[in-house]
Structure formats: structure tokens, C-alpha cells
Amino acid sequence: MFDLDRWREIFESIRSNILRTVLSGFTVALGLYIFIVLFGFGNGLKNAFTEGFARDASNLISISTGKTTIAFEGLQSDRKVTLQNKDLDHIINEDPEKIEYTSARYTSNMLVKYGKESGAYQVNGTDPEETYIENRTILEGRYINNADIEKKQNVAVIGRMVQRDLIKNGNAVGKDIDLNGTVFKVIGVFSDDGGDQDERMISVPISTLQQLKKSSDTLSTIFVTYNQNLSPAEAITYSDNLEKSLKKNLQVSPDDENAVRVNNNAKNMEKTFQFLLIITLIVGFIGLGTLLAGIIGISNIMVYIVKERTREIGVRKAIGAKPNAIVALIIQESVVITVISGIIGVALGVLTLTLIGDRLEKYFIMAPSVGWGLIAVAFVCLVIAGLISGFVPAYRASKIKPIEALRSD
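Heads up: these notes are all about the structure in this document.

Rules used in this analysis
- Residues numbered from 1 in each chain as written.
- Predicted model: local features only at pLDDT ≥ 70, side-chain atom pairs only at ≥ 80, totals over all residues.
- Heavy atoms only, no water.
- Core = buried A, V, L, I, M, F, W, Y, C linked by side-chain atoms within 4.5 Å.
- Buried < 20%, exposed > 50% of the residue type's maximum accessible area, 1.4 Å probe, protein only.
- Contact = heavy atoms within 4.5 Å.
- Helix = DSSP H or I, 4+ residues; strand = E, 2+ residues; numbered from the N terminus.
- Expected span 1.5 Å × (residues − 1).
- Salt bridge = Lys/Arg side-chain N within 4 Å of Asp/Glu carboxyl O.
- Patch = residues over 30% accessible without salt bridge, like charges linked within 9 Å, V, L, I, M, F, W, Y side chains within 5 Å.
- Areas by Shrake-Rupley, 256 points an atom, 1.4 Å probe, with all protein chains shown as cover.
- Phe/Tyr/Trp six-rings, centres within 6.5 Å; stacked < 30°, edge-to-face > 60°.
- Lys NZ or Arg CZ within 6 Å of the ring centre and 35° of its normal.

Proteins that are soluble and globular tend to have nonpolar side chains buried together. Residues Ile 63, Ile 91, Ile 158, Ile 177 and Ile 202 are the most contacted members of the largest nonpolar core, which totals 44 residues. Residue contacts for Ile 177: discarding those within four places in its chain leaves Val 112, Lys 113, Tyr 114, Ala 156, Ile 158, Thr 182, Val 183, Phe 184, Val 186 and Ile 202. One finds Ile 36, Phe 39, Leu 45 and Leu 291 within the second-largest nonpolar core, a separate group that totals 23 residues.

This is the structure we're talking about:
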């Protein structure tokens, strides 16, 4: 039940001991403030790393080949290894449940012309799933589809920078462009998170480009995105098994690292995320340390407050006050100081992170922030700690006999 007299007594005690209250509240507010700012910076680091690796699908495995460096099964070293369509089929059929998307690419540098404009661009023979793997966004028209692949259509999807260079500001869809003497119709324009370099590419059906290259079934690269339900360890194991299987099919030594190259983003990011985990643990340790300092601060001040009020407690008990009422009064004062100080600490911490925004991006801290869930947990923990800090000395004081309390100095 709301007791107005008790609240008056609490605020009178706070007003009569301003310095003591401010010092105890400052410790709590500072602890929560540092906790929020540190965790915000930690999240800012994570955001920067995530942004840096977000150009292509984060679960991407890319497969390419080179020349052998080790003689194997009667075949000499320095032998050129080439991927073919059958290798893509092998990857798809070997472990389909672990695959999200696959895309083959056959790359060729070509002179591209449109009207009086021309330039050299990378032309990729590819398939519909490339758009998911490359995280591309269609700005105009559409992307390559399965019908284009089956019919070996002379159609092309151009990057935003190709449109700007050749077609300028006009609508590119429906325009005819010349690729090394062969006319292709533009069916779409894409943007790519990879930036200008990736937007200076042209994608055409892989079957069409292979046909132009004397009916070749050669592939430059195979892209695979693994099932996102796989853990990082399972994804690494999958790519390792994939590499062994391909080396066996292509008659390459298991120890030859140049002939077949399997690049797994999960493996590349493993050490990065280990580093981030260490940073998070350090930030968490320091943040929890500052909270603990706040808890210790409020605990010490409550012990002092109770000791200072021992004679008052004796008087209360002598005139009939119940121990529970004494404990409740001191706990309530402790919680009030903790809650007010905590709110101030939270407000200042959130305000600081908001004002910082993206100003520290050059220091690899992007959009530092802390979730309200974590803030709420920290705040509640601090309030509970304040409650316990007030309860322990108050409970002990309530057990003192009135005569002993009145004799206390």
C-alpha cells in the first residue's frame, strides 16, 4: 500500500544528505553509462566487420582452378586444371541438402559497343542464381532466367556503371549492344553492393557464352552457398570434403593447394569472428566490472546509512515499530536512489551513442548501439542489487535490541 509518510521520510533523508546521495547515485549512473557505451562500441565493431564482409553472400564458397604444382598418378606438374559443366553437376548431386544456391561462371573480357560509345568490360556467362549469390538488385527489367539458358538466348544484364558509361541516362532495357561482334539485347540493369567494379560487369546466359567460345563447356568459377542451417564448423567440413572430392575427380594431388582452390567465407571469417568474440568478452568483462563497481558503491553507502541511523532504528523499535517496517523503509530508500541514478545513466549512455552515430566509422566503429533488452537486463540487475544492498544491513539492524541501538555512537 502507498504510504505517503514513508515517502516523505525517504525524500527528507535524501534532501538532508545531498552529498552522500549524489556520490552513491553517481557510482550507479557511471557504472550503467560506461556499460552502455562500451557495449555500443562493441556492437559498432561487429557492424563494421559485418558490413565489410557483406558484399557477397556470407555463406559463399567459391571454387576455381590453376596449374598443378605436384605430379600425381602419372600426370606431370605444371598441368592446367579446368572446371567443366560436369563438375557443377557433381557438386549439386553429391550433397544437395547442404546447398542453398549454386552458380557457374565463365568469364571473358570483351569489347562492348553501343552506338558511338565503347569500352572493355568483363562479361560473365552465368545463370539465374547468380543474383542471389552476388546480392544484386535489379534496377530495370529482369535477370537471366532458365529459358534464356535452355534456348541460348543472346540477352544481357548490365551493371549500373555499364549503363552510365555506354547508354548514359537513357533506359537500357531493349537496347542492342555489341559484344565482340555479336549483338545482345539488354534485358535488365543491376546494382551490386560490391561497388563500381562489380557494376562494370555484364552477365549473359552461360550456355550462350560457351557456344560463342567454340561450344566449350569450360567454367572459370563455381559458386556455392551452403545451407544456412549449417554451423560454421559444419560449413568448413563441407567445403573441405568438397575440395577432396573435386581433386579426386580432376586427378589432382590432395596436397596440391594451387590446382583446385576452394575459398570458404566461413573459414575466412572464423578468425575474424574469434577476434570479435574476444573483443566482446573484454568489453563485457569491463562493462560488468563497472556495474559491479556501482553495486559495491550502493552497498557501501547503504551500510553507512544504516549504521548512521542505528540510534534512530532503536527509537523506532522502542516506540513499537516492527522490524519489517524498518527493513522496508531502508530498502525503499535504496531502490529509489538506484532507480533514479540508473535512469540518468541509461539516458546519458543512449544519448552519447546517438550523438556519436557514424562519426567513428573511420575507426572501424559503425552505428554503435545497444539493444533495449540488454539495457533493461542491466537496469533490473542494478535495481535488484540495490534492493539486496539495502536489505542485508537493514535486516541486521532490525534485529538489534532497542537498548543496544540507543547506546550506539
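Okay, helix H8 (residues 232–249) next. Owing to its 3.6 residues per turn, the α-helix brings residues three or four apart onto one side. Relative to the 26 Å expected for 18 residues at 1.5 Å per residue, H8 spans 26 Å between its end C-alpha atoms, a close match to the ideal helical length. Here H8 has its buried residues at Ala 235, Ile 236, Tyr 238, Ser 239, Leu 242, Glu 243, Ser 245, Leu 246 and Lys 247. Downstream of H8 by one or two residues, Gln 251 has phi in the positive range, about 55 degrees.

Summed over all chains, the structure comprises 12 salt bridges. Connected via shared salt-bridge partners are Arg 105, Glu 130, Glu 134, Arg 136 and Asp 192.

This part covers a nonpolar patch on the surface. Taken together, the side chains of Val 380, Ile 384, Leu 387, Ile 388, Phe 391, Val 392 and Tyr 395 present a nonpolar region at the surface, about 590 Å² in accessible area. Inspection of the secondary structure puts Tyr 395 in helix H12 (residues 372–398). Judged by relative accessible area, Tyr 395 falls into the partly exposed class, the value being 41%.

On to the packing of aromatic side chains, then. For the structure shown, the criterion picks out 3 aromatic pairs. Considering the side-chain rings of Tyr 101 and Tyr 132, the 4.7 Å spacing of their centres and the 10 degrees angle between planes classify their relative orientation as stacked. Taken together, the residues Tyr 101 in strand S3 (residues 99–114) and Tyr 132 in helix H4 (residues 130–133) connect sequence positions 31 residues apart. Residue Tyr 101 is classed as partly exposed on the basis of its relative accessible area of 25%. Since its relative accessible area comes to 46%, Tyr 132 is described here as partly exposed. The ring of Phe 190 has Arg 136 sitting right over it, with the charged end atom 4.0 Å from the ring centre.

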